[in-house]
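# Structural features, examined
What follows is the residue order along each chain.
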Amino acid sequence: MAAIKGGANALAQLAQAALALPILALPVKAGAAEVGEVGFSLLGYKERGLMNIVEPVLWGRMQFLETWEVQASAAVDIISGASPQLVSNASGKPVQVITGASVDDHRGTGDVKLTKRFGEFSLAGSIAYSKEEDYESKAFGIEGRYDLNQRNTTLVAGYGQSKDRVGSSDDKTLDEPRDTKEYLVGVTQVLSPTALVSSTLLWSRGKGWYNDPYKLTLTFFPSGSPVVAADVRPDHRNTVVWLTRFRSHHPASGGTLQADYRYFSDDWGIRAHTLEVAWAQALNERWTLRPALRYYTQDAADFYSPTVTRPPPAVHSSDQRLASFGGLSPSLRAILRFDAKTTVEATIGYVQNSRQFHFGGGGSDAFETLRAYYGLLGITYAF
Amino acid sequence: MAAENEVQVYAEDEAHAAAVANAAIAEVKRIEAKYSRYREESLLSRINAAAGKDAVEVDEETLRLLAFADAAFRQSDGLFDATSGVLRRAWNFREPRVPARGELDALLPLVGWEKVEIAGNRVRLTQPGMQLDFGGFGKEYAVDRAARVMAEQGAKSAMVSLAGDLAILGPQPGGAPWRMGIKHPRREDKLLATIPIMSGAIATSGDYERFIEVDGERHCHILDPRTGRSARGLQSVTVQAQSCLIAGSATTIAMLKGREAGLAWLEELGLAHLAVTEDGTVIERF
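Presented here is a report on the structure given in the accompanying data block. What you see is a predicted model; the values in this text were computed from it and never measured.

## Observations regarding the overall build of chain A
The number of helices and strands found in chain A is one helix and 21 strands. Classification of the 383 residues of chain A by burial places 16% in the buried group. Long-range pairs, those at least 24 residues apart, make up 56% of the contacts in chain A between residues at least 6 apart in sequence.

## Section: the overall build of chain B
Check the secondary structure of chain B and you find seven helices and 13 strands. By the burial criterion, 48% of the 286 residues in chain B qualify as buried. Counting only contacts in chain B whose residues sit at least 6 apart along the sequence, the fraction spanning at least 24 positions is 61%.

## Overview of the nonpolar core
When a protein is soluble and globular, its nonpolar side chains tend to lie buried together. Formed by 96 residues in total, the largest nonpolar core has its most connected members in Val-143, Met-150, Val-160, Ala-201 and Ala-250 of chain B. For this core, the element with the most residues is helix α6 (residues 244-257) of chain B, which contributes nine residues. Split by domain, this core shows at least three residues from each of two domains, domain 1 (43-132) and domain 2 (177-285) of chain B. Apart from the residues within four sequence positions on either side, Ala-201 of chain B is in contact with Leu-26 of chain A together with Val-143, Asp-144, Leu-166, Ala-167, Gln-240, Ala-241, Gln-242, Ser-243, Cys-244 and Ala-247 of chain B.

## Some details on the sheet that holds strand β4 (residues 122-125) of chain B
All names here are of chain B. Taken in spatial order, the three strands line up as β2-β4-β3 in an open sheet, and their pairing is antiparallel. Taken across any chain shown, the strands that pair with only one partner, and hence form the sheet edges, are β2 (56-57) and β3 (116-119). With two bridges connecting them, β2 and β4 associate as antiparallel partners. Bridging across to β4, Glu-57 finds its partner in Arg-122.

## As for the packing of helix α5 (residues 138-152) of chain B against α6 of chain B
Residue and element names in this part refer to chain B. Between α5 and α6, the shortest axis-to-axis distance is 8 Å and the interhelical angle comes to 155°. As summarised for this structure, α5 and α6 are arranged roughly antiparallel, according to the angle between their axes. Crossing geometry of α5 relative to α6 is assigned as right-handed. Listed contacts from α6 to Glu-140, Tyr-141, Val-143 and Asp-144 of α5 are Cys-244, Leu-245 and Gly-248.

## Quick word on the sheet that holds strand β5 (residues 86-88) of chain A
Residues and elements named next belong to chain A. Within the open sheet, the four strands sit side by side as β6-β5-β13-β14. Their pairing is mixed. Single-partner strands in this sheet number two, and they are β6 (95-97) and β14 (227-230). When the angles between neighbouring strand axes are averaged without regard to direction, this sheet yields 25°. Of the pairings in the sheet, the one linking β5 to β6 comprises three bridges and is antiparallel in character. By the bridge assignment, Val-87 is partnered in β6 with Gln-96.

## Some thoughts on the environment of Leu-370 of chain A
All names here are of chain A. Relative to the assigned elements, Leu-370 resides in strand β21 (residues 370-382). Looking at Leu-370, the number of C-beta atoms within 10 Å reads 18, which means it is partly exposed. With 320 residues separating them along the chain, Leu-370 and Leu-50 place their C-alpha atoms 9.4 Å apart. In this structure, Leu-370 is in contact with Glu-47 and Asn-353, ignoring residues within four places of it in sequence.

Calculation notes
- Residues numbered from 1 in each chain as written.
- Chains lettered and ligands numbered in written order.
- Predicted model: local features only at pLDDT ≥ 70, side-chain atom pairs only at ≥ 80, totals over all residues.
- Helix = DSSP H or I, 4+ residues; strand = E, 2+ residues; numbered from the N terminus.
- Buried ≥ 20, exposed ≤ 12 C-beta atoms within 10 Å, placed from the backbone.
- Contact = placed C-beta atoms within 7 Å.
- Core = buried A, V, L, I, M, F, W, Y, C linked by C-beta atoms within 7 Å.
- Domains from an automatic or database assignment.
- Pairing = 2+ DSSP bridges.
- Axes fitted to C-alpha atoms, helices over the stretch in contact; angles between N-to-C directions.
- Parallel < 35°, antiparallel > 145°, perpendicular 65-115°, else oblique.
- Left-handed = near helix turned anticlockwise from the far one by under 90°.

Below is the structure:
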């Protein structure tokens, strides 16, 4: 830290001597960095014994006519393997059961965002589309940004809307709408030449079909016949997300601390916290290593239960993604600046979600530990 | 100044733009006349002619420029030295000949900022043959002054560049940045990078401006006041700062410190920079 202090002091001494002359102190402002970049990445995700996902993504970003920027991306998810469809207590305690049907699906997504800058203010419009066999989503958004305080502060506000259709490959007659409206406000503040913090609040109001047509709950009772209940969720979901990010660069060691906290809450009763801490360490001019650790904890939805009563409640789900659980996910990323224009990065990560990781204990007993690996390989070319 | 110099101004009408540009050009000419070492009648020539003899009375502007040179000398641990120009007596960059150790050793006693006496408004070079040289900051000061003069004339969107050292008052109309091309230190027809700048000053020092190559080794005009030899380790350094004086001193000091210490110095200053090391590696911190 002494080195930083020395450098800052040297700069202060030079500035003091220079500005004693009849000259101006010009605000130091850079424009946007490159003219454009394109990237390709390949994400692989493997849940032990369950599904595999492979996702190739192609994206690009370009500035044109000095004050315009266009961004676009396209991706395909190729999903294969099995997904649990039934929660049954036939064995004495409720467990997930993989039924005969295996998942084999393709999902295609694409989005385009156009931004125009008017001095300190910029306005962006975006559209997105995604389609898979049993789901279709169309969305648009608008976003305004305002830079003030010599660009040390940026305010952002946005609105988005999505119109989705939910279907089912098992029930071709299912065709239900889900409409969501999203709102966003945020602020980014430069704290020093090497640190910044940003905080964003997002809330959404959704209504429509949230039931998972593939999930069933089979509950046996000490006497009488068992009950099979379909997944029935509320027909609305309102969420609040608060996301705070902190970045702090340490020139003396060539490292950058990245710390993110995310709070999630919805009117289904879910409360979740995510904390991710990463350290990006430049080893030399070409190589950077970024180890990271993410912790996640969530409280169950009010209507989550691995079993049902007789008769089944009006609203109920045994989907363990709505249970109380926690997760830990370490990852390691290596970034290679191949030359001034080309960057290659590779990430490997592991996810373990279990009831033991729920913060303060009290995870849902029926939550079955999930173990997954993921890897990402990406290349970015700036032009 | 025999180099590519340029003023660009956006204004409501052509007359105003011309008035702003002419004021900037006049200011640059004033500073050149006052501090050029090539003009016998310049203030600098009079100070140098009196070396080892009398103190010369100088004005407030010159005193403050010398105070800046003093700050740069102290902050660079003696690398930035306004008396090192005398080494050019041994270095002639027009012919490929490296001065012998003895030639440089003979000149080094004439180098040393501590041998400049400043008392009140009087400046004296204590050794006969000593020279003050504003080469390391005179042009940068002219850029800063031109920017100030243009702002006083009401310009909000203007750029002044003297041989690639430049100041930008504000973005182009519509908020677009100025795109400043940075020369490639090894390929004359190629740009190393194009940096978009909304406002601020930029200076570049490189080993490609004036140099000789002898036995495959490059010797450039940026000379180390301790040894008399050329700076090593960096091909070029570009810095953005609040003023061209600050940016220019940072680039010169980084070049003289060399690869490791120079890059560390730039990081410590916390200024946006672009550097090319002797093996061609580009370090971009913009």
